[in-house]
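Overview (structure and organization)
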Amino acid sequence: MNDIMRSLQSFAIGILLICSFTVEGQSSGQTKMDNFISALMKKMTLDEKIGQLNLVTPGGAVTGAVVSEDVDTKIRNGQVGGLFGITGPDKIRRAQEIAVKNSRLHIPLIFGLDVIHGHRTIFPIPLGLSASWDTSLIKRSARIAANEATADGLNWVYSPMVDIARDPRWGRIAEGSGEDPFLGSQIAKAMVEGYQGDDLSKDSTVMACVKHYALYGAAEAGRDYNTVDMSKVRMYNEYLPPYKAAVDAGVGSVMTSFNTVDGIPASANRFLLTDVLRKQWGFRGLIVSDYTSISEMINHGFGDLQAVSAKSLNAGMDMDMVSEGFLSTLKKSLQEGKVSLQKIEDACRKVLEAKYKLGLFDDPYRYCNDEKAKSELMSDSNLQAAREIAERSFVLLKNENKILPLKKSGTIALIGPLADNKRNMLGTWSVSGDPEKSVTIMQGIKNVAGNEVKILYAKGANISDDTMLIERVNVFGTEIDVDSKSPDEMLNEAVETANKADVVVAVLGEAADMTGESSSMSHIGLQPDQQNLLKALVKTGKPVVLVLMNGRPMTLTWEDEHVPAILDTWFGGTEAGNAVADVLFGEYNPSGKITATFPRNVGQIPIYYNHLNTGRPYHPGDSPKFKSDYLDVLNSPLYPFGFGLSYTTFSYSNISLDNSILQSGGKITASVNVTNTGTRKGKETVQMYTRQMVGSIARPVKELKGFKQITLEPGETQKVSFTLSVNDLKFYNSDLKYVAEPGDFTLFIGTNSADVKEADFKLK
C-alpha cells in the first residue's frame, strides 16, 4: 500500500511540475513579447504608432469603391501596418523590403487576403463545406488553405465567416455555415484550428480572422450591408455563439461587420467590441474593420471622418481597413482630447503583438519561400483532397425511381449553361483561384464515365436573359455569357439532343457571383430561361437529373414536383467536375445534408427549423383560420434543415434513454440503432435535438445539440449514442444569465430536423 501511495504522490508531483512548466512557459513567452513590444514602442513616434493602425490595399482584392494611394511612400514613412490584396513570394518580399529596409524603425508588414474556401486550390463554398457535417474534413480544408496561403507569401486570412444566416436572399449566405448556432460553432472552431495550427510562428500557419462581428447575417430584407435589429436574448442565444467559439478556439483576429447593432455601427459599437468581445469573452487579439466600414459610418449619420474614426477607436477598434481615417485624423483628435494616447497605444500594441506571434520580427521574410510555392500550390495531393471534400458536400435532394447513380453505358444528354463552363465552377470569393484550371462537369463525366458512355452536349439556355442582372453580375468579368444563338434556337437544340439520349443531365443554377458579397437576390429560383429549358426537357419523357450549382437555398417547388432526381452541388471548387461525376456514377454515395432551410417560395422567408412556437400554432389538418399560417402555401419548408438523401436507405429504432431524469451534475445517454436497409454502403449523419417544454422565456421548438457520422454496409446496424449534461441545456435568459432551468424536455434523434424519433426526460 505504501508503494502505491508513493507512486500516486510521484505521479501527482509530476503533473504539477508539468502544469507549472506550461504556465511558466506561457508566462515567460508573454513577458518576452510584452518587453520586446514595450521597448519598440518607446522608440516610436506618435505618427508611427498611428501608422501601424493603417491597413491598405494596392488594388488586389477590392470590395469597395476606394483603393489606397501612394502605398510605397506611406510604407517608407511608417504609415502602414499591413497590406492585403497582393500574393506571391516575390511581390510580398519586395513590399516587405520597403518596410524593413527603408522605414525608420524597420517594422515588418503583415500581409492578408480573403482566403475563404481555399487559396489556389479551391474547395466548395463554405455553405457547401458545412453540408458535409464533417468538422475534421472542414479543418483539413483550412489546413491545406493555410499551407497554400503561406506558400504564396501570406500570413493572415480573413476567414472563417461564421455569420448565422436565415435569409437566402442574402448573397453572403454562401460564405457561412447556415442557420444553426451549434453546428456553426463546431465549424468555426474547426476552421480556426485548421488555419492556425498549434503555433502561429510556423511558416505553414496563418492568423485567422473571424468575421463579420456581429450579426451581419440578419440584415433586413436579405439586402447586403443593411440594418440589423434584434433582442439581446436572440443575439446571445442564436447569433453570437459561433463568434465566441472562434474566440475560445484562440482565433488571432476579429473583423467587424458593416451593419448597425442597436442603431450603432458595429465598427464603433463599444458594447460589441469592448463589453462582449474583450471583457465577457476575454479576447486579447487584434480587431480590424471591414473594408472602409469606418468611413462608411459617415453615411450612417455618425459624423465626418474625424468623428467616426475617433468613435471607432474609443469603442475598441485596433486597425482601420482602407478608410485611412485613423491615419489622417487621430493625431488631431488626440490634440483636441477626443481620443487618448492610451487608446492609440493599446491599438498599436495589438497590431505589433500579431506580428510578433507570427514571427515576423524574427524573420520578416519567413513566408517568402519560392521553392515552397512551387511544390505546394495546387499540388496533386491538394487537388485530390479538393475532389474528396467536394464529393462529401453534395446533397441529394430527390432520387425518384433510383435514377441515380447512372450506368456507365448508353447515351447521356448533358445540357445546360453550366455543364461545360469553367468560369463559374469556383463560386464566390475565390480571389486567388484560377477558373481555367477548374474541372467542368463535362470534363469530369468524360474522366469518370469510361468509353461505354456517349455524351451529347447542348447549352440549351443562357444562365439569364435579364440584361440588368447580366450587367450587374458581370462587373468582374463575364460569368453570364449570352450565346449568339437565340433562346428558341438553343431550346430546340437541347430538346433534339435530349431525344437522342437515354437520360438527361441538366446542369442549371446560378453564376458564381449571383451569390457572395453585394449579391443579394429577390428571386432565388432558377432564372426563367433555365426553368423553361428544364420544363421542355421533362416534357420529352426522358428521365431527367437536375444538377444544381448554387450558393444559396433556392425555391424549387416546381422542380421537386416534376424532376425525378435533384443533386445540389453548390459551387464545388477546382475539382468540382470530377467530384460531380463521381457522385453521378456512384463512385461516391452522396452523404451531404443541408444546413440552411430551403423555402417553398420567398414569401416564407425567414424560415428556419429552430423557431419559437406561437400561441396559435398551425398543425396539418387544423382549420386554417385563426392559426399562424399562410392561406396560399404550407408552413413547412420544401427541404428541412439537416435533410439529405443517399443511394441507400437508413432506418432508426426508437430512442433508448439510460435514465429519464437528468440530475444536476449528472448525465443521461440517449441511443438509437441505425440500420442500412438498402443495397449500398453509405454514410449517415445522425442528428440529436432537444426541446425545453416550459421556460422562463419562449424556447425553440427544436435545437441541435449533437451529431455523429457513421458508415454502414448494407444490412449493418450500429448503435449511436449521445450524452447530455446540464451544460448542454443552458441558454441565456431575459437577464442574459447563462442558465439551465429544471423541467420537462423532449429529445429527438433522426436523419434530419423533421424526421425524428422522440423521448421525454426531466431536468431536476
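Calculation criteria
- Residues numbered from 1 in each chain as written.
- Predicted model: local features only at pLDDT ≥ 70, side-chain atom pairs only at ≥ 80, totals over all residues.
- Heavy atoms only, no water.
- UniProt positions renumbered as here; feature names shortened; annotations may be inferred.
- Helix = DSSP H or I, 4+ residues; strand = E, 2+ residues; numbered from the N terminus.
- Rg over C-alpha atoms; globule rule 2.2 N^0.38 Å.
- Lys, Arg positive; Asp, Glu negative; His and termini not counted.
- Charge placed at Lys NZ, Arg CZ, Asp CG, Glu CD.
- Pairing = 2+ DSSP bridges.
- Domains from an automatic or database assignment.
- Contact = heavy atoms within 4.5 Å.
- Buried area = accessible area lost by both parts, 1.4 Å probe.
- Salt bridge = Lys/Arg side-chain N within 4 Å of Asp/Glu carboxyl O.
- Polar contact = N/O pair within 3.5 Å; in protein donor to acceptor, adjacent residues only side chain to side chain.
- Core = buried A, V, L, I, M, F, W, Y, C linked by side-chain atoms within 4.5 Å.
- Buried < 20%, exposed > 50% of the residue type's maximum accessible area, 1.4 Å probe, protein only.
- Phe/Tyr/Trp six-rings, centres within 6.5 Å; stacked < 30°, edge-to-face > 60°.

Under the annotation held in an unreviewed UniProt entry, the protein carries the name Periplasmic beta-glucosidase and is attributed to Hanamia caeni. Under the Catalytic activity (unreviewed entry) heading, UniProt states for the protein: "Hydrolysis of terminal, non-reducing beta-D-glucosyl residues with release of beta-D-glucose." As recorded by UniProt, the Subcellular location (unreviewed entry) comment attached to the protein reads in full: "Periplasm".

**Remarks on the overall build of the protein**
Of regular secondary structure, the protein possesses 21 helices and 27 strands. A compact globule built from 764 residues should have a C-alpha radius of gyration of about 27 Å, and the protein, at 27 Å, falls within 12% of that. When the backbone C-alpha atoms are referred to their principal axes, the protein occupies close to 80 × 75 × 60 Å. Counting 81 positive and 90 negative side-chain charges, the protein places the averaged centre of each group 4 Å from the other.

**Points about the sheet that holds strand β26 (residues 743–750)**
Read across the open sheet, the five strands follow the order β19-β27-β26-β21-β22; overall the sheet is mixed. Looking at which strands have only one partner, the edges of the open sheet turn out to be β19 (661–662) and β22 (703–712). In terms of strand pairing, strand β21 (residues 682–692) meets β26 through six bridges, oriented antiparallel. Within the sheet, the bridge partner assigned to Gln-692 lies in β26 and is Phe-745.

**A closer look at the sheet that holds strand β2 (residues 82–84)**
Within a sheet, neighbouring strands are paired by backbone hydrogen bonds and run either parallel or antiparallel to one another. Spatially, eight strands are ordered β9-β6-β5-β4-β3-β2-β1-β10 in an open sheet, and the strand pairing comes out parallel. Because the sheet does not close on itself, it has two edges, and the strands there are β9 (286–288) and β10 (320–321). Of the strand pairs in this sheet, strand β4 (residues 156–157) and strand β5 (residues 207–213) are connected by two bridges, and their pairing is parallel. Looking at the pairing, Val-157 lines up with Ala-208 of β5.

**As for the environment of Gly-222**
As for its placement among the helices and strands, Gly-222 is situated in the loop between β5 and α8 (232–239). The spacing of Gly-222 and Ile-173 is 49 residues in sequence and 9.4 Å in space, taken between C-alpha atoms.

**Considerations on the domain arrangement of the protein**
The domains assigned to the protein are domain 1 (385–604) and domain 2 (650–763). The gap between the C-alpha centroids of domain 1 and domain 2 is 35 Å. Contacts between domain 1 and domain 2 engage seven residues on the former and eight residues on the latter. Between domain 1 and domain 2, the buried area comes to about 550 Å², and carbon and sulfur atoms account for 39% of it. Together, Asn-589, Ser-591 and Lys-593 form the three largest contributors to the area buried by domain 1 at its contact with domain 2, with a combined 70%. For the interface between domain 1 and domain 2, the tally reads one salt bridge. For the salt bridge of Lys-593 with Glu-684, the shortest nitrogen-to-oxygen distance reads 3.1 Å. Run the count over domain 1 and domain 2 and you get three residue pairs in polar contact (both at pLDDT 80 or more).

**Quick word on the UniProt feature "domain: Fibronectin type III-like" (unreviewed entry) in the protein**
UniProt's feature table lists "domain: Fibronectin type III-like" (unreviewed entry) at residues 684–753, given in the numbering used throughout. The annotated region residues 684–753 carries 0% helix and 57% strand content, and the separation between its end C-alpha atoms amounts to 14 Å.

**Quick look at the nonpolar core**
Leu-83, Trp-156, Tyr-213, Leu-397, Val-545 and Leu-584 are the most contacted members of the largest nonpolar core, which totals 204 residues. In terms of residue count, helix α6 (residues 135–151) provides more of this core than any other element does, seven residues in total. Split by domain, this core shows at least three residues from each of two domains, domain 1 (385–604) and domain 2 (650–763). Residues within four places of Val-545 in sequence aside, it is in contact with Ile-403, Leu-404, Leu-406, Val-503, Val-504, Val-505, Ala-506, Ala-565 and Leu-584.

**Considering α8**
Each full turn of the α-helix corresponds to 3.6 residues, which orients residues three or four apart in the same direction. Within α8 the residues assigned to the buried category are Met-235, Tyr-236, Asn-237, Glu-238 and Tyr-239. The inward-facing, buried residues of α8 contact α7 (181–196), α9 (241–248), β7 (260–261), α10 (270–280) and β24 (731–732).

**Here's the deal with the pattern of salt bridges**
Summed over the entire model, instances satisfying the criterion amount to 33 salt bridges. Note that Arg-104 is salt-bridged to Glu-48, the shortest N-O span being 2.8 Å. Taken together, the residues Arg-104 in the loop between α4 (89–102) and β3 (110–113) and Glu-48 in helix α2 (residues 46–51) connect sequence positions 56 residues apart. Between Lys-398 and Glu-400 there is a salt bridge; the shortest N-O distance is 3.9 Å. Among the charged side chains, a network of salt bridges with common partners joins Lys-139, Lys-189 and Glu-193.

**Focus on the packing of aromatic side chains**
With the rule as written, the count across this model stands at 21 aromatic pairs. Judged by centre distance (5.9 Å) and plane angle (65 degrees), the ring pair of Tyr-213 and Trp-281 falls under edge-to-face. Taken together, the residues span a long stretch of sequence, with Tyr-213 in strand β5 and Trp-281 in the loop between α10 and β9 at a distance of 68 residues. As far as burial versus exposure is concerned, Tyr-213 and Trp-281 are alike and both buried. Consider the rings of Tyr-609 and Tyr-689, whose centres lie 5.4 Å apart with planes at 75 degrees: the pair is edge-to-face.

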